[in-house]
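What follows is each chain in one-letter form.
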Amino acid sequence: MSVIKVENLHKKFGRLEVLKGVNLEVQQREVIVLLGSSGSGKTTLLRCLNRLEEPNAGRIEVLGKVVTHEKTNLNQIRQKMTMVFQLFHLFPHLTALQNLTLGPLVVQRKSREEAERIGMELLTKVGLADKRDAFPPKLSGGQQQRVGIARALAMQPEIMLFDEPTSALDPEFTREVLDVMKKLAREGMTMLVATHEMGFAREVASRVLFLADGVIMEEGTPEEIFKNAQTERCRTFLSKIL
Amino acid sequence: MDFNFDLFVKILPQLWQGFLMTLLLSVLGMFFATIIGMFVGIARLSKTPWLTIPTTLYVEIVRGTPLMLQILIIYYALPSIGINLEKIPAGVFALAFCYGAYISEIFRAGIQSIERGQVEAARSIGMTTTQTMRYVILPQAIRRILPPLTNDFVAMLKDSSLVAIIALFELTTTARYISTSSGNVFTPYIGAALFYLLITIPVSRLVVLLEKRLGVGQ
């Protein structure tokens, strides 16, 4: 079953056209890895999906709802398709647990008991149950990003978007974050991940997309892309990062 | 120097009354000014012209005219268009109206100082703009807003003496009245100054404390 459908998506920043007609269909339980040099539009594509960025043209459908319609209730879709940010963007005035419970309490109107039960379950899942009362600035980068993932999970989404989740981390913390993401992938979460982590792509990606010149230039299984890329651009890119 | 201690003791109850009036005007004025400032500050940051244009106009008009003139207009000119205010409400209204504009700038700057990613993180889990403002942005901005807000309270406390022009017997007016009736200039004015300092010095110290407390860590 397809959960995301993107047709002819265009996005311009001023006169710079970052996306020039992207077409994409994502099936349930797929783990999509977006590759491409910086400025290739990976982040922009993800941010257009939940309309943190306003597309200039094209049609986006998520879980049967047309995101690009004016009348669509975006807040409903965003609960079901949450996002993990490169710079975490945790709420610094709230504890780790409160970061997780805010959405369920305020947006989904869950009871405090239930929100905290879900919150603690997720903190345990990302290995941070003992940090429930810690404020984000007191946590390491890796811990902050794991809270970020747990916060996105707390809405009990069907799809998760990861915008370069390990790019801002010291290398020593990358693994703990990737491990959590791999666990999610294996549990069947539908994920779209912009990343440069090839190991992650090899291990869990169902499909790898290579973005260049504002379009998806090449796509395939990790095997196909890493061993047998068809375009020169993709081969050059891979040779630089592998 | 003709400070007369006996006179000072004698006029203490009168000065106290004036002081209470000053405090009443400033506390109420500040309360309403903060509410006005919060909403105007948020409105000026919106993208809707029918919110930004009138609020910007309001702020520019208030900042471009003297408070004393605003007080005169509110008490003497508004009745001619059918709005009659008693002295105290008129005084409170004038102070709130004027300081609301200044305080809106404090709120605006405080809100703008919160990084964009906070809004995006809140919106990305489905929060509305109002929920984002209430649960994510304002609680963080308030740390940066509180010190300048407290400074404005001190400023308003002093500016409240301008309502003397509509014959409200606050602290300064009371002192002036006593000095005329007693023939002693020095004692009532120094007495009034002491009463102002009784509030302004502790509050100013509080600002310093707040800046230290809220500036670092969580």
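The coordinates are above.
A brief report on the enclosed structure follows. (Residues numbered from 1 in each chain as written. Chains lettered and ligands numbered in written order. Predicted model: local features only at pLDDT ≥ 70, side-chain atom pairs only at ≥ 80, totals over all residues. Heavy atoms only, no water.)

## Observations concerning helix H6 (residues 171-186) of chain A
Residues and elements named next belong to chain A.
So, point 1. Taking 1.5 Å as the rise per residue, H6 with 16 residues should run 22 Å; its terminal C-alpha atoms sit 23 Å apart, in good agreement.
So, point 2. Taken as a whole, H6 has its buried residues at Phe173, Thr174, Val177, Leu178, Val180, Met181, Lys182, Leu184 and Ala185.
So, point 3. Summarising the contacts, the buried residues of H6 are in contact with strand S3 (31-35), helix H4 (112-125), helix H5 (141-153), strand S7 (159-163), strand S8 (190-194) and helix H7 (198-204).
So, point 4. Just past H6, the residue Gly188 takes up positive phi, approximately 100°. (Helix = DSSP H or I, 4+ residues; strand = E, 2+ residues; numbered from the N terminus. Expected span 1.5 Å × (residues − 1). Buried < 20%, exposed > 50% of the residue type's maximum accessible area, 1.4 Å probe, protein only. Contact = heavy atoms within 4.5 Å.)

## A word on the packing of helix H1 (residues 5-44) of chain B against helix H6 (residues 129-159) of chain B
Residues and elements named next belong to chain B.
So, point 1. Close contact between H1 and H6 brings their axes to 11 Å; oriented N to C, the two are set at 145°. Crossing geometry of H1 relative to H6 is assigned as right-handed. Only Met133, Leu138, Leu149, Asp152, Phe153, Met156 and Leu157 of H6 make contact with H1, whose side of the interface consists of Thr22, Leu23, Ser26, Val27, Gly29, Met30, Ala33, Thr34, Met38 and Ile42.
So, point 2. When the residues that make up the contact of H1 with H6 are grouped by side-chain class, the tally is 12 nonpolar, four polar and one charged. (Axes fitted to C-alpha atoms, helices over the stretch in contact; angles between N-to-C directions. Left-handed = near helix turned anticlockwise from the far one by under 90°. Nonpolar A, V, L, I, M, F, W, Y, C, P; charged D, E, K, R; others polar.)

## Details of unusual backbone geometry
So, point 1. Of note, Arg51 of chain A is a non-glycine position whose phi angle comes to about 55°, a positive value.
So, point 2. Inspection of the secondary structure puts Arg51 of chain A in the loop between helix H1 (42-49) and strand S4 (57-62).

## Some details on the environment of Ser160 of chain B
Residues and elements named next belong to chain B.
So, point 1. In this structure, Ser160 sits in the loop between H6 and helix H7 (171-182).
So, point 2. Looking at Ser160, the relative accessible area reads 0%, which means it is buried.
So, point 3. The residues contacting Ser160, other than those within four sequence positions of it, are Thr22, Ser26, Leu95 and Glu170.

## A look at the environment of Ala194 of chain A
All names here are of chain A.
So, point 1. Structurally, the position occupied by Ala194 is in strand S8.
So, point 2. Each C-alpha atom, one on Ala194 and one on Ile32, is 8.5 Å from the other, the two residues being 162 residues apart in sequence.
So, point 3. Ignoring anything within four residues of it in the chain, the contact list for Ala194 reads Leu34, Lys42, Leu46, Phe162, Asp163, Glu164 and Pro165.

## Remarks on the sheet that holds strand S9 (residues 207-212) of chain A
Residues and elements named next belong to chain A.
So, point 1. Ordered in space as S6-S7-S8-S3-S9-S10, the six strands form an open sheet in which the pairing is mixed. Both edges of this open sheet fall to strand S6 (81-84) and strand S10 (215-220), since each of them pairs with a single strand only. For this sheet, the mean angle separating the axes of adjacent strands, direction not counted, is 20°.
So, point 2. Relative to S8, S7 is paired through five bridges, and the arrangement is parallel. Residue Met160 lies in a different strand from S8, and its bridge partner there is Met191.
So, point 3. Each of S3, S6, S7, S8 and S9 touches H1; the most contacted strand, S7, lies at about 145° to it. (Pairing = 2+ DSSP bridges.)

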